[in-house]
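Geometric and topological summary
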Amino acid sequence: MSTTTAALPESASPAPSVISRGFAALLGVLAVAAAVGSGHLVAGVVSPGSSPYLAVGDTVIRFAPEWLTDFAKTTFGTADKSVLLAGMAVVMLVVAAAAGLASRRSHTPGVVVVGVLGVLGLLAVATAPTFALLDVLAPLASLGVGLTVFRRLHALALRTREAPDEPVTAGGVSRRTVLIGSSAAVGVASVGAAVGGQLLGRGAADSRQAVTARLAAARLAERAPAIPASAAFPQLGTPTFLTGNPDFYRIDVALRIPQQTAEQWSMRIHGMVDKEIVLRFDDLFARPLVERTITMTCVSNPVGGNLISTANFVGVDLRDILLEAGVRPGADQLFSTSVDGFTVGTPTSVVMEEGRGAMLAIGMNGEALPPEHGFPVRMVVPGLYGYVSATKWISDMEVTTFDAGQSYWVDRGWAVQGPIKTEARIDVPNGYATVPAGRVTVAGIAWSQPTGIGKVEVRMDGGAWQPAELATDVSGDTWRMWRTDFQLAPGSHTVQARATDAAGRTQTEASADVVPDGATGWPATIFSVA
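As a starting point, this report considers the structure included with it. Position numbers for residues start from 1 in each chain and track the written sequence from start to end. Given that this is a predicted model, residues contribute local features only at a pLDDT of at least 70 and side-chain atom pairs are listed and counted only at 80 or more, while totals for whole chains, interfaces and linings are drawn from all residues. No hydrogens and no water enter the side-chain calculation; it runs on all heavy atoms of the structure.

Section: empty space enclosed by the protein
- Both site types are read off a 1 Å grid over the protein atoms alone. A 1.4 Å probe that fits but cannot get out defines a cavity, while an open set with protein on both sides within 12 Å along at least five of seven lines defines a pocket; lining residues have an atom within 4 Å of a point. Grid points are joined across faces, edges and corners, and a volume is the space filled by probe spheres set on the points. Enumeration according to the criterion identifies three cavities of 30 Å³ or more in this entry.
- Here the largest cavity is characterised by a volume of approximately 310 Å³.
- Lining the largest cavity are 22 residues, and of these Ile251, Asp252, Gly386, Tyr387 and Ala390 lie nearest its centre.
- Residues are sorted three ways: Asp, Glu, Lys and Arg are charged, Ala, Val, Leu, Ile, Met, Phe, Trp, Tyr, Cys and Pro are nonpolar, and all the rest, Gly among them, are polar. A per-class count over the lining of the largest cavity returns 13 nonpolar, four polar and five charged.

Printed below as a string of structure tokens:
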């Protein structure tokens, strides 16, 4: 007697209980991507500062040790923020893929990992210096979307039939269904990130256009002198005298450019003053507006570096405002804070120096401040490196003492005082360039704010110093161009330069790193003559 076993119909075959490795890794990546995109979208709608992804990056910057901060600035320069964000993305993708791989049989490992990432984003937002209760919405949305997407796609993947074109049956679903669900997750991530980014900047862009129009119609109490054509040698390879806003150097720690409107802006001046003052944007316009041409320099600029630019700034005189507030004796620090919590400590004596020209700036080169340069209001103090003077997106100023608290960079080992040093830079010839034999022009820039440049000397191949021709002087607050010529034979040559300020102090030959208060040394360029 034989026994036969009826074969199960194809449509009733059991669904697989293990997800393929590729699918599993993809599920983790899609869930985390959807979480990041949705968090960015909600942040753009309700609270620009609450994007969990950017908040985590800001937290890394805020608590990074000094050695790591210096390494990033030295290695990546102005690209340090992009590198950080890219590095975070890579780490998150690897973690997400690993979470997916660990969840081939059960969704639990992936749910735990996605949940932990979401909680980290929530903590980063909640511990930000500018946290407000509404900020929790974005990280909560990110957490909820990430968990939902992972669990849903994981459940679909476990029910997937092996054949890609099979219809849905009682025992499983087609891979097409999973791919549709995956595409939806990708859509959430992409649309969320794109729309969130647009929303983050929409209101500020409209406000900035309105401020530009107001500046065009404003009557200035003080105008910057016209820049003569003889103030620069751009035809030789030096910069134009005024730096265009898109080309103006940018150094800050902001991963997300604050998107505040002029109508939202306010600044409180308090602490060791006789009278607290709260300023709003219209209050600044009601004061005498002044225009000043100022060269700004970053303390991170190496010898011969390009972290220096010049612009016409429009704003109000900061000294006048502090005189109204009444600075009390012993107050040696102006502790200013930006809207994103970054802090700067400025010597009170410098700002209060008559004729120094410290400003609360609202305009730059004929338009409102660009977002990346501090819109709606920033501080500008001639003669000080930016890390102790140039607070962007300024929102608070406490008149206090240096003993009472340290600002962001001082807390990381940089000097309390940051006067700009007398320096020169060689712009042409370029390093390792080859130029024709005969008459070779050497040109560059020099600066020593607020004293100004008295002379620049140049020497070739270690020979005698010879004075360079100086461009027309604009003011002690700006850079000054220089040029000179040499008759050179074919071969390798090394040119050096040094500047002397208007008070007779010559740039030191001693080489020093940018830490703690700016680099020193004579710039040198090696080039070839053929």
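A word on helix α9 (residues 318–325)
- Every buried residue of α9 is listed here: Leu318, Ile321, Leu322 and Ala325. Along the axis of α9, the buried positions cluster into a sector of 95 degrees, meaning they face one direction only.
- Only DSSP runs of H or I covering at least 4 residues are called helices, and only runs of E covering at least 2 are called strands; the numbering of each starts at the N terminus. Two residues or fewer after α9 comes glycine 326, characterised by a positive phi angle close to 80 degrees. Think of it in three bands: residues with accessible area under 20% of the maximum for their type are buried, residues over 50% are exposed, and the middle band is partly exposed, with areas taken using a 1.4 Å probe on protein chains only. As used here, the arc belongs to the directions running from the helix axis to the C-beta atoms.

Some words on the pairing of strand β1 (residues 266–271)
- Direction of pairing for β1 relative to strand β2 (residues 277–280): antiparallel, over a ladder of four bridges. The partner of serine 266 across the bridge, within β2, is arginine 280.
- Pairing between two strands is assigned when DSSP locates at least 2 bridges connecting them. In this antiparallel pair of consecutive strands, β1 and β2, the connection spans five residues.

A word on the sheet that holds strand β6 (residues 343–347)
- Taking strand neighbours across the sheet as the criterion, the five strands line up as β2-β1-β10-β5-β6 in an open arrangement whose pairing is mixed. Where the open sheet ends on each side, the last strands, each with one partner, are β2 and β6. Here the strands of the sheet are splayed against their neighbours by 15 degrees on average, with no regard to which way each runs.
- Contacts between α9 and the sheet are confined to β1, β2, β5 (333–338) and β10 (394–400), with β2 contributing the most and set at about 145 degrees to the helix. Between N-to-C directions, angles span 0 to 180 degrees; the directions come from axes that are lines fitted to C-alpha atoms, helices contributing only their stretch in contact. The criterion used for residue contact is that any of the two residues' heavy atoms lie within 4.5 Å.

Concerning helix α5 (residues 108–126)
- To estimate how far a helix should reach, multiply one less than its number of residues by 1.5 Å. Spanning 19 residues, α5 covers 26 Å between terminal C-alpha atoms, matching the ideal 27 Å at 1.5 Å per step.
- Three or more residues of α5 are buried, namely Gly110, Val114, Gly115, Gly118, Gly121, Ala124 and Val125.
- Those residues of α5 that are buried are in contact with α1 (21–46), α2 (52–63), α4 (80–101) and α6 (137–158).

Considerations on the sheet that holds strand β14 (residues 453–460)
- Spatially, β12-β19-β18-β14-β15 is the arrangement adopted by the five strands of the open sheet, whose pairing is mixed. With partners counted over all chains shown, the strands left at the sheet margins are β12 (434–435) and β15 (466–467), one partner each.
- The pairing of β12 with strand β19 (residues 524–529) spans two bridges and is parallel. In the sheet register, valine 435 faces β19, and the bridge partner there is valine 529.

Considerations on unusual backbone geometry
- Geometrically, the link from phenylalanine 375 to proline 376 is a cis peptide bond, its omega value of 10 degrees lying close to zero.
- Inspection of the secondary structure puts proline 376 in the loop between β8 (367–368) and β9 (378–380).
- Residue proline 450 follows glutamine 449 across a cis peptide bond; omega there is 0 degrees.
- Residue placement: proline 450 occurs in the loop between β13 (438–447) and β14.
- With a phi close to 50 degrees, tryptophan 393 is a non-glycine residue in the positive phi region.
- Residue position: tryptophan 393 is located in the loop between β9 and β10.

A closer look at the layout of surface pockets
- The volume enclosed by the largest pocket comes to roughly 720 Å³.
- Around the largest pocket, the lining comprises 36 residues; the ones closest to its centre are Thr69, Ala72, Lys73, Gly77 and Asp80.
- Mapped onto the lining of the largest pocket, the elements with two or more residues apiece are α2, α3 (66–76) and α4.
- At eight residues, α3 tops the list of elements feeding residues into the lining of the largest pocket.
- Classifying every residue of the lining of the largest pocket by side-chain character gives 21 nonpolar, eight polar and seven charged.

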